[in-house]
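# Summary of structural features
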Amino acid sequence: MKIFVNERTTIVKEGTTAFDVRNSFKKDADIVVLNGFIISDDIALKENDKLTLIKRGEVPTKEELESLMIARHTPGVHEKINKAFVGIVGLGGLGSNIAVSLARLGIGKLLLVDFDVVEPSNLNRQQYFVKHIGMLKTDAMKEIISEINPFVKVDTKNVFIDENNITDILANVDIVVEAFDNPKSKATLINTLLQKMPQKYIVGASGMAGYFSNNTIVTKKVRNNFYLIGDGISEAKPGCGLMAPRVSIAAGHQANTVLRIIMEEKDV
Amino acid sequence: MLINGKEMNFDENITIEKLLEKLNLNRDKVVVEVNFKIVPKEKYAEHILNHEDKIEIISFVGGG
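Calculation rules
Note on numbering: residues in each chain are counted from 1, in written sequence order. The lettering of chains begins at A and the numbering of ligands begins at 1, in the order of writing. Only residues with pLDDT of 70 or above have their local features reported here, since the model is predicted, and side-chain atom pairs are shown and tallied only from 80 upward, although totals for entire chains, interfaces and linings are computed over all residues. Computation of side-chain values: all heavy atoms of the structure, hydrogens and water removed. Strands are runs of DSSP state E lasting at least two residues, helices are runs of H or I lasting at least four, and both sets are numbered from the N terminus onward. Burial classes: relative accessible area under 20% of the type maximum marks a residue as buried, over 50% as exposed, and values in between as partly exposed (1.4 Å probe, protein chains only). Contacts: residue pairs with any heavy atoms within 4.5 Å of one another. In these tables, accessible area is a Shrake-Rupley quantity obtained with a 1.4 Å probe, and a residue counts as shielded only by the protein chains included in the view. The charge count treats Lys and Arg as positive and Asp and Glu as negative. His and the chain ends do not count. All charge positions are set by atom: Lys at NZ, Arg at CZ, Asp at CG, Glu at CD. In this analysis, rings of Phe, Tyr and Trp, with Trp reduced to its six-membered ring, are considered paired at centre separations within 6.5 Å, and the interplanar angle assigns stacked below 30 degrees, edge-to-face beyond 60, and tilted for intermediate values. By definition here, charges over rings are those cases where NZ of Lys or CZ of Arg is within 6 Å of the ring centre and within 35 degrees of the ring normal. When DSSP locates at least two bridges between a pair of strands, those strands are taken to pair. Angles run from 0 to 180 degrees between N-to-C directions of axes, and those axes are lines fitted to C-alpha atoms, restricted for helices to the stretch in contact. Any angle that falls under 35 degrees is termed roughly parallel, while one over 145 is termed roughly antiparallel, one within 65 to 115 roughly perpendicular, and all others oblique. Crossings are classed by handedness, with left-handed meaning an anticlockwise turn of the near helix from the far one by less than a right angle and right-handed meaning a clockwise turn. Each patch is built from residues lacking any salt bridge and having more than 30% relative accessible area; the joining distance is 9 Å for like charges and 5 Å for nonpolar side chains (Val, Leu, Ile, Met, Phe, Trp, Tyr). What counts as a salt bridge is simple: a side-chain nitrogen of Lys or Arg found within 4 Å of a carboxyl oxygen of Asp or Glu.

### Concerning the overall build of chain A
When helices and strands are tallied, chain A shows eight helices and 12 strands. The principal-axis extent of the C-alpha atoms belonging to chain A is close to 65 × 40 × 35 Å. Across the 268 residues in chain A, those meeting the buried criterion constitute 49%. Contacts spanning at least 24 positions in sequence make up 66% of the contacts within chain A whose residues lie at least 6 apart. Approximately 13,100 Å² of chain A is accessible, and the part contributed by carbon and sulfur atoms is 51%. Here chain A contributes 33 positive and 32 negative side-chain charges, whose respective centroids are spaced 2 Å apart.

Okay, structure coming up:
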């Protein structure tokens, strides 16, 4: 029967087990991944199973790295996310977390849009490092993604988004993630997209400041193609700042909503 | 009229702009949908609502 070992097609006898294959292909492998899941007990293989053999601590070549990373994605998911093109508008607390999450997921292509540079005040919740201070957020995020998953294609645009450039900039993406800080920019982007590009999927956010309950942050499907995440009321203001945990909760909702749209799970 | 699923009473001939004022909402921080259609901002001052309309107002707060 046919199976895949480290992404290569391999023919083995019926009844062959995962550990039989490890013993003949890579005896020193200490991690055995079967169909995206690390196994510790031996199991008989079936036709088309995907087996990945990893030696802990061994630095793989770039080609090996790609197949080893693909192995960790749930089968059926990778094929779809690998074809998706997602635009993230705003690379602050929401956008930087969403970009990292989608990169780890193995998204095909990202368009990162922001006009700003990394500042010390961003480090309380955004995915940048001290060494990025002063750097354009688009460049800093592109660098971070290349260190996490070098197989994600990344386009960047250093522009301030307004109603005149939205349709040009976002023309080719499948899904738009609204990750602005400023409420007027949120409204402008979403109003413009809903009117001029009604077929575009939009995943926005509103209300995630403070340390209020986790459980008031929800995902709502506002219209067919428009999802809105947050508690809807917790505004960032003096005495109620933005902090990593709750901003990350909202960013997690947004990233998972993007994944669900790609996987054609359109309900919330 | 039905606003965000809640029944509310307003004067006849109220415009979207006046409704937003009464609800204390900033016109630049909202998306307004009347009978499932998005209303462009430049129409807020002239768009008169009537009592059978189903109105959804999505209002954004800062932070991200």
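### As for the packing of aromatic side chains
Residues and elements named next belong to chain A. Taken as a whole and assessed by the stated rule, the structure comprises one aromatic pair over all chains. Where Phe 115 meets Phe 160, the ring centres are 5.1 Å apart and the plane angle is 70°; that geometry is what we call edge-to-face. On the criterion of sequence distance, the pair formed by Phe 115 in the loop between strand S7 (109–113) and helix H5 (137–148) and Phe 160 in the loop between strand S8 (153–157) and helix H6 (166–169) is long-range, its members being 45 residues apart. The partly exposed category is assigned to Phe 115, whose relative accessible area is 47%. Residue placement shows Arg 22 over the ring face of Phe 19; its charged tip is 4.4 Å from the ring centre. Here Lys 109 stacks its cationic end above the ring of Phe 85, 4.5 Å away from the centre of that ring.

### With respect to the sheet that holds strand S1 (residues 2–3) of chain B
Spatially, five strands are ordered S2-S1-S5-S3-S4 (chain B) in an open sheet, and the strand pairing comes out mixed. Edge positions in the open sheet fall to strand S2 (6–7) and strand S4 (37–38) of chain B, since each of these has one partner strand only. In the packing of helix H7 (residues 183–196) of chain A onto the sheet, the strands contacted are strand S3 (30–34) and S4 of chain B, and the crossing angle to S3(B) comes to about 35°.

### Comments concerning the packing of helix H4 (residues 93–105) of chain A against H5(A)
Residue and element names in this part refer to chain A. Two elements in contact, H4 and H5, have axes whose closest approach is 10 Å; the angle formed by their N-to-C orientations is 25°. On the basis of the axis angle, H4 is roughly parallel to H5. The way H4 lies across H5 gives a crossing that is right-handed. Counting all contacts with H4, which are made through Ser 96, Ala 99, Val 100, Ala 103 and Arg 104, the residues of H5 involved are Met 141, Ile 144, Ile 145 and Ile 148.

### As for the environment of Ile190(A)
With respect to the helices, strands and loops of the structure, Ile190(A) is situated in helix H7. With 59 residues separating them in the primary sequence, Ile190(A) and Lys131(A) have C-alpha atoms 33 Å apart. Apart from the residues within four sequence positions on either side, Ile190(A) is in contact with Glu178(A), Ile202(A), Phe226(A), Val31(B) and Phe60(B).

### Structural notes on a negative patch on the surface
Residue and element names in this part refer to chain A. On the surface, a cluster of negative charge is made up of Glu 7, Glu 63, Glu 64 and Glu 66. Inspection of the secondary structure assignment puts Glu 66 in helix H2 (residues 62–72). Residue Glu 66 is classed as partly exposed on the basis of its relative accessible area, which comes to 35%.

### Concerning the sheet that holds strand S11 (residues 218–223) of chain A
All names here are of chain A. The seven strands are arranged S8-S7-S6-S9-S10-S12-S11 in an open sheet whose pairing can be described as mixed. Pairing within the sheet leaves two strands with one partner each, and these edge strands are S8 and S11. Taken pair by pair, the neighbouring strands of this sheet meet at an average axis angle of 20°, ignoring direction. As paired strands, strand S10 (residues 201–205) and strand S12 (residues 226–230) are joined by four bridges and run parallel to one another. By the bridge assignment for S12, Ile 202 is matched with Phe 226.

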